[in-house]
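Structural features, examined
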Number of protein chains: 2
Amino acid sequence: MIGGGQLARMMVPPAIHLGLDISVLAETEGMSAARAADMVGDYRDAETVYAFADTVDVVTFDHEHVPHEILNELERRGKAVHPRPHALQYAQDKILMREKLAELGVPIPAWAAVAGEDELQQFIDANGGRAVVKTARGGYDGKGVRVIAQADEVRDWFTALAEDGRGGFLLAEELVDFTRELAQLVARRPSGETRAWPLVETIQQDGVCAEVLAPAPVSNPETAAEAARIGAIVAEGVDATGVLAVEMFETRDGRVLVNELAMRPHNSGHFSIEGSITSQFEQHLRAVTDLPLGDPAMAAPFAVMVNVLGGPAEGPMPVRYPAVLAAHPAAKIHSYGKLPRPGRKVGHVTVVGASLDEARAEARAAADGFA
Amino acid sequence: MIGGGQLARMMVPPAIHLGLDISVLAETEGMSAARAADMVGDYRDAETVYAFADTVDVVTFDHEHVPHEILNELERRGKAVHPRPHALQYAQDKILMREKLAELGVPIPAWAAVAGEDELQQFIDANGGRAVVKTARGGYDGKGVRVIAQADEVRDWFTALAEDGRGGFLLAEELVDFTRELAQLVARRPSGETRAWPLVETIQQDGVCAEVLAPAPVSNPETAAEAARIGAIVAEGVDATGVLAVEMFETRDGRVLVNELAMRPHNSGHFSIEGSITSQFEQHLRAVTDLPLGDPAMAAPFAVMVNVLGGPAEGPMPVRYPAVLAAHPAAKIHSYGKLPRPGRKVGHVTVVGASLDEARAEARAAADGFA
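Residues numbered from 1 in each chain as written. Chains lettered and ligands numbered in written order. Predicted model: local features only at pLDDT ≥ 70, side-chain atom pairs only at ≥ 80, totals over all residues. Heavy atoms only, no water.

- An unreviewed UniProt entry annotates chain A as N5-carboxyaminoimidazole ribonucleotide synthase originating from Leucobacter komagatae.
- You can read under Sequence similarities (unreviewed entry) in the UniProt record for chain A the words "Belongs to the PurK/PurT family."
- According to the UniProt record, the Pathway (unreviewed entry) comment for chain A is "Purine metabolism; IMP biosynthesis via de novo pathway; 5-amino-1-(5-phospho-D-ribosyl)imidazole-4-carboxylate from 5-amino-1-(5-phospho-D-ribosyl)imidazole (N5-CAIR route): step 1/2." (UniProt positions renumbered as here; feature names shortened; annotations may be inferred.)

**Describing the interface of chain B and chain A**
- If you look at the interface, chain B gives 39 residues, while chain A gives 39 residues.
- Carbon and sulfur atoms supply 59% of the area that chain B and chain A bury against each other, a total of about 3200 Å² over both sides.
- Its largest share of buried area at the contact with chain A, chain B owes to Ile 16, His 17 and Arg 35 of chain B, together 24% of the area lost on that side.
- Applying the counting criterion to the chain B and chain A interface returns four salt bridges.
- Between Lys 332 of chain A and Glu 282 of chain B there is a salt bridge whose closest N-O contact spans 2.7 Å.
- Counting across the interface, chain B meets chain A through 19 residue pairs in polar contact (both at pLDDT 80 or more).
- Of all the elements in the fold, those that place two or more residues in the side of chain B that touches chain A are α1 (6–18), α10 (280–288), α11 (321–327) and β16 (332–335) of chain B.
- Tallied by class, residues from the side of chain B that touches chain A come to 24 nonpolar, seven polar and eight charged. (Contact = heavy atoms within 4.5 Å. Buried area = accessible area lost by both parts, 1.4 Å probe. Salt bridge = Lys/Arg side-chain N within 4 Å of Asp/Glu carboxyl O. Polar contact = N/O pair within 3.5 Å; in protein donor to acceptor, adjacent residues only side chain to side chain. Helix = DSSP H or I, 4+ residues; strand = E, 2+ residues; numbered from the N terminus. Nonpolar A, V, L, I, M, F, W, Y, C, P; charged D, E, K, R; others polar.)

**Description of the sheet that holds strand β8 (residues 170–173) of chain B**
Residues and elements named next belong to chain B.
- If you walk across this open sheet you meet the four strands as β5-β8-β6-β7, and the pairing is antiparallel. A single partner strand is all that each edge strand has here, and the edge strands are β5 (111–114) and β7 (145–148). Taken pair by pair, the neighbouring strands of this sheet meet at an average axis angle of 25 degrees, ignoring direction.
- Against the sheet, helix α6 (residues 117–126) contacts β5, β6 (131–135), β7 and β8, and its axis sits at roughly 165 degrees relative to β5. (Pairing = 2+ DSSP bridges. Axes fitted to C-alpha atoms, helices over the stretch in contact; angles between N-to-C directions.)

**Concerning the UniProt feature "binding site: ATP" (unreviewed entry) in chain A**
Residue and element names in this part refer to chain A.
- According to UniProt, the "binding site: ATP" (unreviewed entry) feature falls on Lys 94, Lys 134, Glu 173, Glu 174, Leu 175, Val 176, Glu 181, Asn 259 and Glu 260.
- Take Lys 94: it is sitting in helix α5 (residues 94–104).
- Residue placement: Asn 259 occurs in strand β14 (residues 256–262).
- Among all residues touching Asn 259, those that are not within four sequence positions of it are Met 97, Arg 98, Lys 134, Glu 173, Glu 181, Glu 247, Met 248 and Phe 249.

**Some thoughts on the relation of the copies chain B and chain A**
- Rotating chain B by 180 degrees and translating it 0.0 Å along the rotation axis places it on chain A, where the RMSD comes to 0.0 Å. The superposition operator between the copies reduces to a two-fold rotation axis. Ranked by how close their C-alpha atoms come to the rotation axis, the residues of chain B are headed by Pro 13 of chain B, at 2.2 Å.
- Most of the interface of chain B is mirrored in chain A, where 100% of its interface residues are also at the interface. (Least-squares fit on C-alpha atoms with pLDDT ≥ 70 in both.)

**Points about the sheet that holds strand β5 (residues 111–114) of chain A**
Residues and elements named next belong to chain A.
- Strand order across the open sheet formed by four strands is β5-β8-β6-β7, with antiparallel pairing between neighbours. Strands with a single pairing partner mark the edges of an open sheet, and in this sheet they are β5 and β7 (145–148). Neighbour-to-neighbour, the strand axes of this sheet turn through a mean angle of 25 degrees, independent of strand direction.
- Examined bridge by bridge, strand β6 (residues 131–135) and strand β8 (residues 170–173) share four bridges and lie antiparallel to one another. Paired with Val 132 across the strands is Glu 173, a residue of β8.
- Docked against the sheet, α5 engages β5, β6 and β8, running at close to 50 degrees with respect to β8.

Quick look at the structure:
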């Protein structure tokens with residue numbers, strides 16, 4: 001696994017249980033996945049990645065940032081890479097993603113790749129006077145995303161793009177009037193077998209995932225079927241291997257529109273560690289090693305995941321365990337081994353149960369114990 | 001954790017999730033817990049154990065075989081050791097265990113510490129012409145246990161005991177007419193908080209645990225209460241810290257008798273990884289670090305665990321994954337990273353569900369896939 005963050009960290013437990021050897025190329029010493037970090041180095045350096053790949057049978061990822069050319073070369077050398085570079089590019093570049101989703105015919109917001117302020121202003125004017133503008137590459141957790149009314153509000157981005165030679169296009173999207181956000185997680189193996197988890201609702205705060213409700217409370221009975229249909233089309237259409245997260249908007253008029261794609265385990269699937277028969281981390285391991293996929297059914301009627309953002313002022317999450325564990329004996333606490341910092345995802349809490357409201361209240365209260 | 005077997009291995013996932021650093025002193029390279037084996041050495045060598053203990057805050061165990069004197073010295077040096085040596089001795093020496101259980105007044109089979117064949121024959125004659133004879137130390141999984149009718153059937157043990165200076169006593173026990181075997185798992189922390197899992201039924205084959213049904217099917221409604229009462233008395237009475245497994249017989253006449261004690265996570269609790277809100281491995285970590293204990297309630301109506309004994313002829317368990325995972329998508333497969341050998345515990349399978357019979361059939365079928 002390239003990347004030593006919390007996704008790599010949470011891949012280690014199912015690897016241990018299944019008896020699959022996992023090895024991590026971490027960016028630095030002491031990262032979240034340090035226990036499995038057999039190598040430390042820069043994933044942007046081709047020789048480092050090739051040397052790491054030589055030690056494993058299959059290469060997969062904690063993030064989407066490994067340069068496309070390095071991954072293509074790995075494939076040319078005969079190394080199994082999952083997701084494959086020709087799939088991963090749709091998670092690496094939001095303009096490629098929009099082009100592909102349009103080609104696949106799944107419902108998406110109005111969008112345009114815009115090369116300059118005039119073009120962007122035309123898009124804004126044609127879409128109700130506002131737009132969501134995104135950098136094609138490198139954004140996450142609300143970074144690289146702005147809601148604007150005037151094209152000059154992203155002048156700095158156009159300038160930077162022109163300077164760094166990355167092509168000069170920004171992605172402009174319709175500001176969708178959504179009632180809530182949903183995520184459809186799907187796993188697919190190279191041989192084509194696909195399994196989907198129940199649809200979940202994600203609740204964002206300031207562009208960052210704050211809570212996930214699994215399964216998503218039923219609004220329109222057709223929503224879950226439509227989300228599953230879209231997830232299957234996208235997984236097959238982009239040739240995804242491993243876990244694919246399709247983030248969606250549910251609109252006021254009952255439509256489901258694809259917002260973002262991630263091709264790896266995703267924050268919207270952390271609930272699955274306790275909430276599903278097969279967690280997204282175990283399923284990703286099975287999928288990238290082309291093993292038969294596990295049952296993604298719920299292991300409990302409901303699971304609610306609440307992120308711990310920021311963390312305790314006085315140190316890593318365990319400093320609060322004496323109080324939080326005593327008050328919340330049924331809460332499953334996950335600490336990523338990170339130092340607290342305002343807004344940083346340092347861990348999460350999951351509570352499962354027969355009542356969504358009770359699980360949510362308990363998960364929130366436990367997560368609040370780390371604030 | 002001293003000892004690098006599968007119990008240490010299965011402690012790593014909850015340590016990762018909770019963000020507690022775990023470090024293992026393994027007997028050799030490449031053991032089950034190799035991923036966390038920061039040191040390799042002989043646990044019978046005092047200096048090795050002291051050097052390892054210097055690297056951690058709390059010492060705990062994968063097995064009961066660390067010499068008592070080494071652990072006493074660690075405590076004298078101020079190191080936290082859980083379970084404490086004065087408790088662990090009851091799991092290290094079956095005669096001390098019987099003496100203590102008798103003192104605590106919990107129901108146990110008739111027993112005697114016998115120094116020679118004459119004394120043993122008297123016990124046999126007084127108990128229906130047969131007896132279970134056990135070496136006080138070093139037995140496990142049916143080793144060090146014989147059912148005999150004539151005292152000379154354990155002459156070799158008396159001879160060996162006389163030669164190695166271990167005191168010369170064997171433990172003779174009444175051959176209990178039991179209908180089934182049960183296990184009560186309890187966790188207790190140094191500050192005294194105690195939590196018990198639901199009573200489970202264990203099914204042995206040739207002296208080795210083969211299956212565990214959780215919770216134990218109800219026979220007599222008072223049985224679970226009696227087992228819980230015994231578990232609490234023993235945990236407090238021996239001052240156990242960490243997980244304590246109390247193995248019991250349910251007799252034909254409705255009594256519950258204590259058979260064995262283990263002071264660590266135990267095969268009868270492996271179901272708890274998926275079957276309980278808090279697994280025995282997470283609970284052991286919480287208990288030995290004196291953190292508040294988690295909820296030990298069932299996470300599903302039923303959980304059935306079936307051991308994989310022996311394993312595939314052609315290699316470690318994963319060689320069978322293409323077939324077994326395809327046929328049993330809801331089975332949770334645990335491989336201990338061990339080479340197959342006749343009778344060796346190389347892994348286990350757990351299935352949770354609303355039907356005990358269906359979970360049991362599925363767990364057995366999946367485990368059979370590794371035979």
